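# Coordinates in review
Take a look at the letters that make up each chain.
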Amino acid sequence: MQKLVDTFTQLYGEQQVRLIQSPLRICPLGAHVDHQDGIVTGMALDAYVEMVFAPSDDGYIRVSSMDFPDEEYFHIDRVPEMLPGFWGNYIRGAVLSLQQDRKLRYGFQAVISGKLPIGGLSSSAAVTTAYLMALSEANQLDYTKKDLISYSHWVETEFIGLKNGILDQSANILSKDNHLLVMDCQTEEHQLVDKANSMPEFEVVVVYSGVTQALISTDYNNRVDECKVAGWIVEELAGLKRTALQDVKLRNISEEHYRRYRDQVPGKFRKRLDHFFTEQERVRSGIEAWEQGDLVQFGKLMFESGESSIYQYESGCPELVTIYQVLKETEGVYGARFSGAGYRGCCIGLIDPAYKEQIKANIDAVYPNQHPAYKDVYKVHFCKTNNGARLVGAEDIGTILK
């Protein structure tokens, strides 16, 4: 953080800055179901996007990134259009999101940075939360955690154009250390399930593949549409009133209709149905295992989720599949699956900390040999769980720096 403060001072002069720590997140169970209003799980990590900022009374936004070139610079009354692939899109979207029903008068100056390779850990939700919190602080706006989730989701879906659900924002904002966040994406109700006292110590392994690609250019939106078509087919087979395709959600298809008509659904659409309904069962079973402190069973369900993501949802890439298989065959790994949308980025797992060296050694022995193009950029990280996004006042930053 000291580097962030020093960089801010060099760029914008000596000011009383504030800090936002917005964590990256994982989804242990509930893969690819949030956009269908499913039930998902999440955890925030002790790896986060950090941003130091100071309000400005001229209405200008000035943001420099420690991870990307260029400075984003515009007035809140003249927000530039979305520029595909540009890191500054999220601050543009954050301003527009708040301006739907809030009056913004003040901008801010900021320097932002992420601690880990961030593909697959939902850095987009983390940075958007940071921007929304900074804008709200600068303009003295009251907000709830639910407000933040809603504003952030608007940025991803309406401004960026990604057809995702609210998992990423919910895990980033609502998570609590040592708890499993359970989010119902249909009702937007959530619970925080404390781990059992009998649960053994665990950490999270994050294996970054080195593969980077914006989700908007992957099959992510196609998979969402395929889920909708699958639901539409079941509605037709069951003689139900047809829902407009854009409004179809698999959560609204009963399990009874799924089981009765599943075999009549063709090809890839049956696979999407199978993934959704089996993943929902894994989430329910995973909550029970977590409450009982049974990491072995919880991990087994994560592996099953990983298999379904590969073969039923048909996400992934060869590099992620390699990492998944190595983790699956390595002692000390309770469970693993792709992280995020599953087309690039990371594979994550829950692990016994006693096996960290062996886990890293196994990845190092296999991955660079099978995928030499990424031998210099892949990384293995170990993290712990953490609380959701938080604002640190200027008076507390000195304590953190010590």
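Up top is the structure.
Quantities reported herein were computed from a predicted structural model and do not represent experimental measurements.

Cut-offs and rules
Residues numbered from 1 in each chain as written. Predicted model: local features only at pLDDT ≥ 70, side-chain atom pairs only at ≥ 80, totals over all residues. Heavy atoms only, no water. Helix = DSSP H or I, 4+ residues; strand = E, 2+ residues; numbered from the N terminus. Rg over C-alpha atoms; globule rule 2.2 N^0.38 Å. Buried < 20%, exposed > 50% of the residue type's maximum accessible area, 1.4 Å probe, protein only. Contact = heavy atoms within 4.5 Å. Areas by Shrake-Rupley, 256 points an atom, 1.4 Å probe, with all protein chains shown as cover. Lys, Arg positive; Asp, Glu negative; His and termini not counted. Charge placed at Lys NZ, Arg CZ, Asp CG, Glu CD. Pairing = 2+ DSSP bridges. Axes fitted to C-alpha atoms, helices over the stretch in contact; angles between N-to-C directions. 1 Å grid on protein atoms, 1.4 Å probe; cavity = no way out; pocket = protein on both sides within 12 Å on 5 of 7 lines; lining within 4 Å. Points joined across faces, edges and corners; volume = space filled by probe spheres on them. Nonpolar A, V, L, I, M, F, W, Y, C, P; charged D, E, K, R; others polar. Phe/Tyr/Trp six-rings, centres within 6.5 Å; stacked < 30°, edge-to-face > 60°. Polar contact = N/O pair within 3.5 Å; in protein donor to acceptor, adjacent residues only side chain to side chain. Salt bridge = Lys/Arg side-chain N within 4 Å of Asp/Glu carboxyl O. Core = buried A, V, L, I, M, F, W, Y, C linked by side-chain atoms within 4.5 Å.

The helix and strand inventory of the protein chain stands at 12 helices and 13 strands. Over its C-alpha trace the protein chain gives a radius of gyration of 21 Å, about what one expects of a compact globule, namely 21 Å for 402 residues. Residues counted as buried form 57% of the 402 residues belonging to the protein chain. Contacts spanning at least 24 positions in sequence make up 72% of the contacts within the protein chain whose residues lie at least 6 apart. For the protein chain, the accessible surface area stands at approximately 17000 Å², while carbon and sulfur atoms represent 45% of it. Counting 41 positive and 55 negative side-chain charges, the protein chain places the centres of these two groups 2 Å from one another.

The subject of this paragraph is the sheet that holds strand 8 (residues 203–208). With respect to topology, four strands assemble into an open sheet ordered 9-10-8-11, the strand pairing being antiparallel. Only two strands of the sheet have a single neighbouring strand rather than two, namely strand 9 (333–338) and strand 11 (379–383). Taken over all neighbouring pairs, the strand axes of this sheet differ in orientation by 20 degrees on average, direction set aside. The sheet contact formed by strand 9 and strand 10 (residues 346–351) spans five bridges and is antiparallel. Opposite Phe-338, over in strand 10, you have Cys-347 as the bridge partner. The sheet contacts of helix 9 (residues 295–311) involve strand 9 and strand 10, and relative to strand 9 the element is tilted by about 25 degrees. Each of strand 8, strand 9, strand 10 and strand 11 is contacted by helix 11 (residues 356–370), which is oriented at about 160 degrees to strand 11, the strand it contacts most.

We now examine the layout of surface pockets. Within this model, the second largest pocket holds a volume of roughly 260 Å³. For the second largest pocket, the lining is made up of 17 residues, of which His-35, Lys-163, Asn-164, Lys-228 and Lys-249 are closest to its centre. Counting residues per element, the ones that place at least two in the lining of the second largest pocket are helix 4 (145–160) and helix 6 (220–237). The class makeup of the residues in the lining of the second largest pocket is four nonpolar, six polar and seven charged.

Inspection of every chain in the model, using the stated rule, returns 12 aromatic pairs. Judged by centre distance (6.3 Å) and plane angle (75 degrees), the ring pair of Tyr-324 and Phe-338 falls under edge-to-face. One end of the pair, Tyr-324, is in helix 10 (residues 318–328); the other, Phe-338, is in strand 9, with 14 residues separating them in the sequence. Considered together, Tyr-324 and Phe-338 belong to a single accessibility category, that of buried residues.

Turning to the side chain of His-32, a few remarks are in order. In this structure, His-32 sits in the loop between strand 1 (18–26) and strand 2 (39–56). Looking at His-32, the relative accessible area reads 9%, which means it is buried. Polar contacts involving the side chain of His-32 include one to the side chain of Ser-309, which spans 3.4 Å.

It is worth spelling out the environment of Ser-56 at this point. Along the chain, the position of Ser-56 falls in strand 2. Note on Ser-56: relative accessible area 10%, which makes it buried. With 50 residues separating them in the primary sequence, Ser-56 and Tyr-106 have C-alpha atoms 5.9 Å apart. Setting aside its immediate chain neighbours within four residues, Ser-56 contacts Tyr-106, Gly-107 and Phe-108. A polar contact is formed between the side chain of Ser-56 and the backbone nitrogen of Phe-108, at a distance of 3.3 Å.

What follows concerns the pattern of salt bridges. One pass over the full model with this rule turns up 25 salt bridges. Notably, a salt bridge pairs Asp-263 with Arg-262, separated by 2.6 Å at the nearest N-O pair. On the accessibility criterion, Asp-263 (58% relative accessible area) is exposed. The exposure class assigned to Arg-262 is partly exposed, which follows from its relative accessible area of 25%. In the salt-bridge network here, residues are joined through shared partners; they are Arg-223, Glu-226, Lys-268, Lys-271, Arg-272 and Glu-314.

So, on to the pairing of strand 4 (residues 71–75). Successive side chains on a regular strand alternate, one facing one side of the sheet and the next facing the other. Relative to strand 4, strand 3 (residues 60–65) runs antiparallel, the two sharing five bridges. The residue of strand 4 that forms the bridge with Val-63 is Glu-72. Between strand 3 and strand 4, which pair antiparallel and follow one another directly, the connecting turn spans five residues, one of which, Asp-70, has a positive phi of 75 degrees.

Phi angles above zero are rare outside glycine, and Glu-188 is one such case at about 65 degrees. As for its position among the elements, Glu-188 is in the loop between strand 6 (179–184) and strand 7 (190–194). A positive phi angle, close to 55 degrees, is found at Glu-314, a residue other than glycine. Residue position: Glu-314 is located in the loop between helix 9 and helix 10.

Moving on to the nonpolar core. Core analysis: the largest hydrophobic core is formed by 86 residues, its most contacted members being Met-51, Phe-108 and Tyr-131. Excluding residues within four positions of it along the chain, Met-51 makes contact with Leu-4, Arg-18, Leu-19, Ile-20, Phe-108, Ala-110, Val-111, Ile-112, Ala-130, Tyr-131 and Ala-134. If you look at the next biggest cluster of nonpolar residues, it comprises 20 residues, including Val-207, Phe-303, Ile-351 and Ile-359.

Fair warning: the whole summary comes from geometry, so function is off the table for now.
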